[in-house]
Amino acid sequence: MRPPEAPEFLAWTEHSIFNQNLHITGASGVERAVRIKKETILSNKSTTKLYNIVKQVDYNEDLEHLIIDIVTEMLGELNCLAIINDNNQQDIFGGRFFKSLGSIPYYKVLVEDKEDLQSPNYRTLSVILHVKRAGCEAYILLISNGGKVSRFLIFGDRHRVLDTRAKFILLYDNRLFHPNLHYLWKKIVNVVFLRQHRRHHTSVLIGHQVIRSWYDISTVPFPSPIHKTFIPHHLDTWHHGKFHSGADLFREKTLDLRGQQLKVVTFQHIPASTKLATPPLRMDGTVEGSGSVIFGGLEIEVLRTLATVMNFHPDVYEAENADVEQWGRKQLNGSYSGLLGEVMSGEADVALGNLYYIPYYLELMDLTIPYTTQCLTFLTPESLTDNSWMTLILPFRPVMWAAVLVAMILAGFVFYALASYHHHIVSTVDVQTHDIVMVQGRGRANDSKMVHVHEEGKETGKGLYLFSELENGILYTYGMLLLISLPKLPSGWSLRVLTGCWWIYCILLVVAYRASMTAILTNPTPRVTIDTLDQLVDHHITCGGWGEDIKQFFLTSLDTSGQKIGLKFEVIYDSDLAVERVAKGEFAYYENIYFLQYLRVRRQLALKQAETKKDVNYYQESKERNLHIMHDCVIHMPISIGLQKNSPLKTHMDRFLRCIVEAGLVKKWLNDVMLNITSADNTPKEEDSNKPLMNLHKLYGAFVALGVGYFISICALTGENIHWQCVVKKSSIYDKYAINIYYDHKKSLKMLKNN
């Protein structure tokens, strides 16, 4: 701020002194007049210089008193103070000012005249960053160059090195109110502008009338909109060391927005926002020629509550081509489309779009505190693999089946070994008995006794034929597992004891198998689904979702499974195409669980409508896969409402959002939004597994077993026929009229081999 020009009375004094010497004549008179003139000029220059010094001192002293008065009123609310000034205002901050701060800590930056504050030097920037981290609630920017101040504010807003919600004290300068800077005064609303005005009074030092200053204190007109011309709002006047009206210079402006209109951008995305037939909120414009659009949803209800409490009128609208752009993508020129583009360009004050509380969005805009968390997971296809043919082996796990098979083979070997041992004992007894009878030649009584022993040996041998061969031993052991009775009880007591123990084992095994089989046949067919992230990693299908930020989330995950998902993650911007690919069994779509449920219900209704219209081709193609929502959540993501960067509305919106969450309204509104979707979801629930169901589909295992038996029988028959044609008929002893000769010869060879 430049000091005023020297007053006119100095020129009048010089003129009067010169005129008083006009009556002097002669050379001496002229010389004397010239000398007086020179002395008068030197005296006037000294007076002007002295006046300027006095004026500047008075100006700085008045401004110092004003700053002290303003800061004194804020002392009770300050935790620290930031002071940024140039050399012209350096004298203001002296001992009197710092004494008024008391114990309040402060940061002070002296800005050089040649320093560009849109790219401040390291020392200035480091102090500003310290101020931001310390959370100082007041900034005093006393810089005479308004252009430099505006560049500093632009830098602070763009890079968030200034707390725009703090209190600011600035010198009034018209350059601060250029139309290109109007957006700043929608964010920095707790600001006062100090404007100096001139007032004449009598100077004690000079004895003539001089100029003293008084100050007009004004602020931004928030919440009123700023049109083409910035008109500051007058707050108070400061003169002679006191305020005129004592108004609150930093009143709370965002608590009551006085019915002002806020632009709210959104698009249809469950559960945040959805288009309805009956309005909670109407949109004045039209969207893609569809006429008036009516919105409802969870975040719309939150917005209505905030609008009532903070006294503003929401104007809800959709961005251009919102159905395709949705949140928006970065363009080649660095701007953004969709919802992000509307907020970053300043067109929208609030953004409703189920925004994740993640660094990607926090760098582009402000987010309120999270009002809820949502389960983010994948929409996956159900497997078409039908395991009904495995019904007979489903009751036991593979390890159990292996144990049963090993036990059966071992038991067959044991039966065969015991039978062979008993056969050896019986053969030895017969030979010894025959030798005793022939050598000693005893009487008839002894002969009858030996005959009895010999007959008993024969009976014992007849009872051993069941297990006399290994294949027979294994076959009869398997038959007992199927509860098939033996044709004859074994003769040896060891075989009988082993048979009894084996029967007990078979009874227990068969009871367990039957119970498990009954449970399998009476319960619904199990659904083969992907329910964990590890299963999804092992599966061959591709994963995808909306936006590059989601892919980066998986790639930078600390979880190995998440990183593997990121490597095969595909960015897709069309949810309908994604659902179609999921139905074909080649894709898994990532979104919040409520939106995935909505997509599943929408597809079910489309299939039902196609079936009603008897569109067989579409129905058959679409029925390739059932859609399944993975049970495990990848992450429970916090959800927030979007605001412009450095928005002044954040503080009170956060406060009222906490009240809404604590009152349980978010959960209630979420249930209301999902009520119709949940009721229309026809996907089988896990509770349905308690219903006893029996159908032919579950008996496929029996037909598979029968088919396997037929196949093995046919193969055996074919083998026997080949053996008959290639071996038996070509034998030298074969006679088609006396076939028994061939088999008697085979038996005799076998007996000779055994002996």
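Remember, it's a predicted structure, so these values are computed and weren't measured experimentally. (Residues numbered from 1 in each chain as written. Predicted model: local features only at pLDDT ≥ 70, side-chain atom pairs only at ≥ 80, totals over all residues. Heavy atoms only, no water.)

Asks: Outline the overall build of the protein, supporting the account with residue identities and numerical values.
Replies: Tallying secondary structure elements over the protein gives 23 helices and 21 strands in all. Counting over 755 residues, the protein shows a buried share of 41%. Total accessible area on the protein stands at roughly 42,100 Å², and carbon and sulfur atoms take up 58% of it. (Helix = DSSP H or I, 4+ residues; strand = E, 2+ residues; numbered from the N terminus. Buried < 20%, exposed > 50% of the residue type's maximum accessible area, 1.4 Å probe, protein only. Areas by Shrake-Rupley, 256 points an atom, 1.4 Å probe, with all protein chains shown as cover.)

Asks: Can you break down the packing of aromatic side chains residue by residue, with the values?
Replies: Evaluation of the coordinates by the stated rule reveals 24 aromatic pairs. Between W185 and F193 the ring centres are 5.3 Å apart and the planes differ by 85°, which places this aromatic pair in the edge-to-face class. F193 matches W185 in its accessibility class, with the two residues each being buried. Ring plane angle 85° and centroid distance 5.1 Å describe the contact between F267 and W327, whose orientation is recorded as edge-to-face. With a gap of 60 residues between them, F267 in the loop between β9 (260-266) and β10 (274-275) and W327 in the loop between α7 (322-325) and α8 (338-344) connect regions that are remote in the sequence. In this structure, F267 and W327 share a single accessibility class: buried. Grouping aromatic residues by their ring pairs yields a cluster made of Y172, F177, W185, F193 and F230. The ring of Y573 carries R329 above its face, with NZ or CZ at 4.1 Å from the centroid. (Phe/Tyr/Trp six-rings, centres within 6.5 Å; stacked < 30°, edge-to-face > 60°. Lys NZ or Arg CZ within 6 Å of the ring centre and 35° of its normal.)

Asks: I'd like to hear about empty space enclosed by the protein, residue by residue, with values.
Replies: Scanning the model with the defined rule gives 6 cavities of 30 Å³ or more in all. Of the volumes computed, that of the largest cavity is approximately 80 Å³. Considering the residues around the largest cavity, the lining is formed by W327, Y356, Y361, G545, W546, D549, I550, Y590 and E591. Elements that contribute at least two residues to the lining of the largest cavity include exactly α15 (548-555) and β19 (587-592). Tallied by class, residues from the lining of the largest cavity come to 6 nonpolar, 1 polar and 2 charged. (1 Å grid on protein atoms, 1.4 Å probe; cavity = no way out; pocket = protein on both sides within 12 Å on 5 of 7 lines; lining within 4 Å. Points joined across faces, edges and corners; volume = space filled by probe spheres on them. Nonpolar A, V, L, I, M, F, W, Y, C, P; charged D, E, K, R; others polar.)

Asks: Any chance you could break down the state of the cysteines for me, citing the residues and the numbers?
Replies: All told, the structure shown has 2 disulfides when counted by the stated rule. One disulfide bridge connects C80 with C136, the sulfur atoms lying 1.8 Å from each other. Classification of the bridge connecting C80 and C136 rests on its S-S torsion, roughly -120°, and on that basis the disulfide is left-handed. You can see C80 sitting in the loop between α2 (26-74) and β1 (81-85) and its partner C136 sitting in the loop between α4 (122-134) and β3 (138-142), a full 56 residues away along the chain. (Disulfide = S-S within 2.5 Å.)

Asks: An account of the confidence of the model for the protein is requested, with residue identities and associated values reported.
Replies: Taken residue by residue, the protein gives an average pLDDT of 79. The fraction at 70 or more is 77%. Within the model, the stretch residues 1-34 combines pLDDT values under 50 with 31 contacts to residues more than four positions away or in other chains. This stretch, residues 40-58, has a pLDDT under 50; its non-local contacts, to residues over four places away or in other chains, come to 22 contacts. (pLDDT = per-residue confidence, 0-100. Contact = heavy atoms within 4.5 Å.)

Asks: Just give me the short version of the pairing of strand β16 (residues 372-381), but keep the residues and values in it.
Replies: Burial of β16 is extensive: 9 of the 10 residues sit out of reach of the surface. With 5 bridges connecting them, β16 and strand β21 (residues 635-643) associate as antiparallel partners. Among the inter-strand pairings, C375 is bridged to a residue of β21, identified as H636. Two strands pair when backbone bridges link them, and β16 and strand β20 (residues 627-629) are joined in this way by 3 bridges, in the antiparallel orientation. By the bridge assignment, L379 is partnered in β20 with I629. (Pairing = 2+ DSSP bridges.)

Asks: An account of the nonpolar core is needed here, citing residue identities and associated values.
Replies: In terms of nonpolar packing, the biggest core is built from 120 residues, with L153, W185, F193, F378 and Y589 touching the most fellow members. If one sorts the elements of this core by residue count, helix α6 (residues 298-310) sits on top with 7 residues. Discounting residues that sit within four places of it in the chain, W185 has contacts with L153, L170, L176, F177, V191, F193, V220, I226 and F230. In terms of nonpolar packing, the next biggest core, distinct from the first, is built from 29 residues, M74, L81, I83 and I217 among them. (Core = buried A, V, L, I, M, F, W, Y, C linked by side-chain atoms within 4.5 Å.)

Asks: Let's hear about the packing of α15 against helix α16 (residues 560-567): which residues, and what values?
Replies: Direction vectors running N to C along α15 and α16 enclose 140°, while the axes themselves pass 7 Å from each other. As summarised for this structure, α15 and α16 are arranged oblique, according to the angle between their axes. In contact with K551, F554 and L555 of α15, α16 contributes G562, Q563, I565, G566 and L567. Taken together, the residues that form the contact of α15 with α16 break down as 4 nonpolar, 3 polar and 1 charged. (Axes fitted to C-alpha atoms, helices over the stretch in contact; angles between N-to-C directions. Parallel < 35°, antiparallel > 145°, perpendicular 65-115°, else oblique.)

Asks: Lay out the environment of L596 in plain terms, naming residues and giving numbers.
Replies: If you trace the backbone, L596 turns up in helix α18 (residues 593-612). As a C-alpha pair, L596 and S575 span 21 residues in sequence and 9.8 Å in three-dimensional space. Those residues within four positions of L596 in sequence are excluded, and the remaining contacts are T377, F378, L379, Y589, E591 and I629.

Asks: Describe the pattern of salt bridges, with residues and values.
Replies: Close approach of charged atoms allows side chains with opposite charge to pair. The full count for this structure, using the stated rule, is 17 salt bridges. For R581, the salt bridge is made with E570, and the minimal N-O distance between the two is 2.9 Å. In this pair, R581 sits in helix α17 (residues 575-583) while E570 sits in strand β18 (residues 569-571), placing the two residues 11 residues apart along the sequence. It is possible to trace a salt-bridge network through shared partners that takes in R160, R165 and D366. (Salt bridge = Lys/Arg side-chain N within 4 Å of Asp/Glu carboxyl O.)

Asks: Quick rundown of helix α5 (residues 146-159)? Include the residues and the values.
Replies: An α-helical turn contains 3.6 residues, so a residue and the one three or four places further along point in the same direction. Helix length check: α5 (14 residues) gives 20 Å between terminal C-alpha atoms against 20 Å at 1.5 Å per residue, within 8%. With 10 of its 14 residues buried, α5 lies for the most part within the structure. Listed as buried for α5 are G146, K148, V149, S150, F152, L153, I154, F155, G156 and D157. In this structure, the buried side of α5 is in contact with β1, α4, β3 and β4 (167-171). Just past α5, the residue R160 takes up positive phi, approximately 55°. (Expected span 1.5 Å × (residues − 1).)

Asks: Could you give an account of the side chain of Q374, naming the residues involved and the relevant values?
Replies: Within the element layout of this structure, Q374 appears in strand β16. Since its relative accessible area comes to 1%, Q374 is described here as buried. Once you skip the residues sitting within four places of it in the chain, Q374 turns out to touch P271, N354, N592, Y594, I635, H636, M637 and I639.

Asks: Requested: an account of the side chain of D315, with residues and values cited.
Replies: Following the sequence through the fold, D315 ends up in strand β13 (residues 312-318). Taking relative accessible area as the criterion, D315 reaches 9% and is therefore assigned buried. Polar side-chain contacts of D315 include one of 2.9 Å to the side chain of K263. (Polar contact = N/O pair within 3.5 Å; in protein donor to acceptor, adjacent residues only side chain to side chain.)

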